[in-house]
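One letter stands for each residue in the lines below.
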Amino acid sequence: MTRITRRLGLALLSGISGVALSTSGVLADPMPPEKSLSALEYELLGRDDLWTYKSLDAYNEAPFLTELVEAGKLPPVGERLPAEPLVHLTDAMSDGVGEYGGVFRHVIGGRPEGWNWLAGQHQGWGGINMAVQECFTRVGPLWQVKAEDQSGPLPNLAKSWDWNDDRTELTMHLVEGIRWSDGDPFDTEDVAFWWDDNVQDDNVASRMSKNGMGEGTTMEVLDDSSFKFTFKEPQGPSRIQSLAYIQGCPGPAHILKPQHPKHNADATYDSYRTAQTADMVPPVVLGPFVPVVHRPDEIVIMRRNPYYWKVDEAGNQLPYMNEMHFKLTSWSDRTTQAVAGTGDFSNMENPGNYVEALKQSQAEDAPTKAQFGPRVLAWEIELNYSDTVGVEDEVDKELRGLFRDKDFRVALNHAIDRDAVGQSIARGPFSYPYPGGFSVGSPYYDVESTVYYPFDKAKAMEMLDALGITDTDGNGTRNLPGTGADIEIDLTYDNGEPTDKKQVDAVVSMLGDVGIRILPRAVDDLDALADSGNFNMIERRHHWLVPTRETCEYIPLSLGCPDWHPADADGNRDLFDFEVEMVDAVDLIQQTWDPAEAAAAASKIQKLWTENAYTIGLTQAPAALLINKRINNAHPGTPVFMFEWAEDGVVRERLWAASDDQLDELLEGQVPEYE
Ligand code: GLA
């Protein structure tokens, strides 16, 4: 293994901005120079160096499981594992093969909605979804893989796949003999249920959208362990990334199929969605940990899944830890507790805490280590482009018309002082202006393709005047040319995160300075509001790193997305030409086998997005990963967010604590029990 300093993102390497040409051929403003705060060094591996699938001579298990086997409560470990389990390789572990036992303590701000992720329910985020769900492929740990081996996702439930010659058919091969946490076999019945009755069923809000594998794609089961997608057009390796978290994660058909309206005359789509409420523990999962206790607003306690299908090279069934906690408090508390040592993990993503958290974690006896990565977090304002959804009166209608006018959006850009917005969330060197599109820390960010509309109040005023939005009644707020009303725009944001509130306050004042009145509206459930389309503007953290990850959140690939361009009940919406071009560019990324072509298509998206001010970017900042020092195998360099969140990137099934450092388990000796 060679030691390489990985600085993902060409822009980070140069740190120097390029000069972009706008469509009119006029020189657009360059992005200001960016200086990364990340100087981590770590080793990169080949994709096959991380894990493999093979049978080992003998297997070990957590000692308390052996007692349960001896008591006849569990089958022997060899019978619980697949014939060829996934084997995590020792060379890819920074501290090597681990010791069994102990507790890993998460703290999260989310609350589990329920365990039916197939129907789109989340489990509370912050790593709890990922502790229960396993997906066909995996992308989180790709950050550890060398550039020349970045040819699509890593295997997971699917151990391999192959293409036909013209690449219109993709056959996936599952690991044979994986079992759900209740011992039931996992096989293509689960896959067919995922695809036919969830992804392809318009009544189910599946995380993979209907066209998530490409428009018109079909899926056919070949046998118990293989299934085949057939595409309308040839596809490339990126297509398989859609089968990673959070889109390609099957659920237990033996539990959920009988609850689905297609298979049960008494069921409705509502009853199906809520068939596994958050208090119904333990749910049946494929992940390393199973929720066994849920005390609302307090804690979710998980115990190891005795059927987990991954081992280390010494044959030890994973995970190493016996228990995982999710304390249910707030996202800021996650950082506070990680710094204090009462939590084991935080994606530090609230810049207001950075200075203090850094100071504290530098101390010799600090319980936590902090590692800063590149700037991956970004915040933006999203404008609703529908001329019908959430339109309540003539004023809303006129606003939507304005939002659809590029000059209006560019004027908003010029009215916002992004440096000041950045300083409002954290003083110091953390923030950098965000023009929209890919975050600077993305391997796909291309500064040359980034069109930047810098703060220029006079220009903003001039552009608003030219649009006929002038202050006709002299009250300090401009008036809409059609209805004559004061221009007042609701701006919805998440109540729970001070970082958003600070930015909203800054925007209210900056837009107020050019005669636009912003009416801030804080809500508890921003996701639900965004889904409903019932807003004019939203402010939120929204960052894009990898074009094939959850693409529907950003680009109108299917009717239900993105949130800011909803279709009406009849499925109508009026896409901008540049939106259609962005969809085409994503299709190209999904189809190509040439990384340079994929990068060029991503640059095109960056250009279209920023030039058209598709969203109004605010600021972007690095994040730091905080991990308690007693935790081993938390690989140096794990980014908070890149291909996936750090909870996936850090590979939690292989984290361990030495016996002296292990914390007492609350539910020692227990495994999930099913009726
Ligand atoms: C939330 C948190 C992130 C991360 C993800 C994981 O969004 O804010 O830091 O933990 O959940 O899904």
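1. So, the pairing of strand β13 (residues 299-304)
Then, in step 1: Counting buried positions along β13 gives six out of six residues, so the element sits mostly inside the fold.
Then, in step 2: Two elements, strand β12 (residues 289-295) and β13, share six bridges in a ladder whose sense is antiparallel. When the sheet's bridge partners are listed, histidine 294 is paired in β13 with valine 300.
Then, in step 3: In sequence, β12 turns back onto β13 through a hairpin of three residues, with aspartate 297 there showing a positive phi of about 60°.
Then, in step 4: By the bridge criterion, five bridges tie β13 to strand β15 (residues 323-328) in an arrangement that is antiparallel. The residue of β15 that forms the bridge with isoleucine 301 is histidine 325.

2. Here's the deal with the sheet that holds β12
Then, in step 1: The sheet built from four strands is open, its strands ordered β5-β15-β13-β12 with mixed pairing. With partners counted over all chains shown, the strands left at the sheet margins are β5 (103-108) and β12, one partner each. The mean inter-strand angle of the sheet, taken between neighbouring strand axes irrespective of direction, is 20°.

3. Describing the site of the ligand
Then, in step 1: Near the ligand the following residues occur: Trp125, Gly126, Gly127, Trp331, Arg334, Asn347, Glu349, Arg541, Trp645 and Glu647.
Then, in step 2: In the environment of the ligand, an oxygen atom lies 2.8 Å from a nitrogen or oxygen atom belonging to the side chain of arginine 334.
Then, in step 3: The separation between an oxygen atom of the ligand and a polar side-chain atom of glutamate 349 is 2.5 Å.
Then, in step 4: About the coverage of the ligand: the protein hides 90% of its 310 Å² of free accessible area.
Then, in step 5: Classifying every residue of the shell around the ligand by side-chain character gives three nonpolar, three polar and four charged.

4. Brief notes about helix α16 (residues 577-591)
Then, in step 1: In this model α16 runs 21 Å from its N-terminal to its C-terminal C-alpha over 15 residues, within 8% of the 21 Å that 1.5 Å per residue would give.
Then, in step 2: Close packing links the buried residues of α16 with α11 (406-415) and α17 (595-611).

5. Digging into the packing of α11 against helix α13 (residues 457-466)
Helix-helix packing is characterised by the crossing angle of the two axes and by the distance between the axes.
Then, in step 1: Closest axis-to-axis distance for the α11/α13 pair is 7 Å, and the angle between their directions is 155°. The pairing of α11 with α13 is recorded here as roughly antiparallel in orientation. Where α11 crosses over α13, the handedness of that crossing is left-handed. On α13, the residues touching Asp407, Phe408, Val410, Ala411, His414 and Ala415 of α11 are Lys457, Lys459, Ala460, Met463 and Leu464.
Then, in step 2: When its residues are assigned to classes, the contact of α11 with α13 shows seven nonpolar, one polar and three charged.

6. Side note on the pattern of salt bridges
Then, in step 1: In total, this model carries 32 salt bridges according to the counting rule given.
Then, in step 2: Arginine 273 is paired through a salt bridge with glutamate 113; the nearest N and O atoms lie 2.7 Å apart. Taken together, the residues span a long stretch of sequence, with arginine 273 in helix α7 (residues 269-273) and glutamate 113 in the loop between β5 and α4 (128-132) at a distance of 160 residues.
Then, in step 3: Taking relative accessible area as the criterion, arginine 273 reaches 26% and is therefore assigned partly exposed.

7. Brief notes about the domain arrangement of the chain
Then, in step 1: Along its sequence, the chain is organised into domain 1 (4-36 + 374-622) and domain 2 (44-344 + 630-661).
Then, in step 2: In this complex, domain 1 contributes 26 residues to the contact, which on the side of domain 2 involves 29 residues.
Then, in step 3: Each partner contributes to the roughly 2,300 Å² buried at the junction of domain 1 and domain 2, and carbon and sulfur atoms together form 54% of this total.
Then, in step 4: The interface formed by domain 1 and domain 2 holds one salt bridge in total.
Then, in step 5: Of all the secondary-structure elements, those providing two or more residues to the side of domain 1 that touches domain 2 are β17 (368-383) and α16.
Then, in step 6: Here the side of domain 1 that touches domain 2 is built from residues that sort into 13 nonpolar, seven polar and six charged.

Cut-off values and rules
- Residues numbered from 1 in each chain as written.
- Predicted model: local features only at pLDDT ≥ 70, side-chain atom pairs only at ≥ 80, totals over all residues.
- Heavy atoms only, no water.
- Buried < 20%, exposed > 50% of the residue type's maximum accessible area, 1.4 Å probe, protein only.
- Helix = DSSP H or I, 4+ residues; strand = E, 2+ residues; numbered from the N terminus.
- Pairing = 2+ DSSP bridges.
- Axes fitted to C-alpha atoms, helices over the stretch in contact; angles between N-to-C directions.
- Near = heavy atom within 4 Å.
- Polar contact = N/O pair within 3.5 Å; in protein donor to acceptor, adjacent residues only side chain to side chain.
- Areas by Shrake-Rupley, 256 points an atom, 1.4 Å probe, with all protein chains shown as cover.
- Nonpolar A, V, L, I, M, F, W, Y, C, P; charged D, E, K, R; others polar.
- Expected span 1.5 Å × (residues − 1).
- Contact = heavy atoms within 4.5 Å.
- Parallel < 35°, antiparallel > 145°, perpendicular 65-115°, else oblique.
- Left-handed = near helix turned anticlockwise from the far one by under 90°.
- Salt bridge = Lys/Arg side-chain N within 4 Å of Asp/Glu carboxyl O.
- Domains from an automatic or database assignment.
- Buried area = accessible area lost by both parts, 1.4 Å probe.

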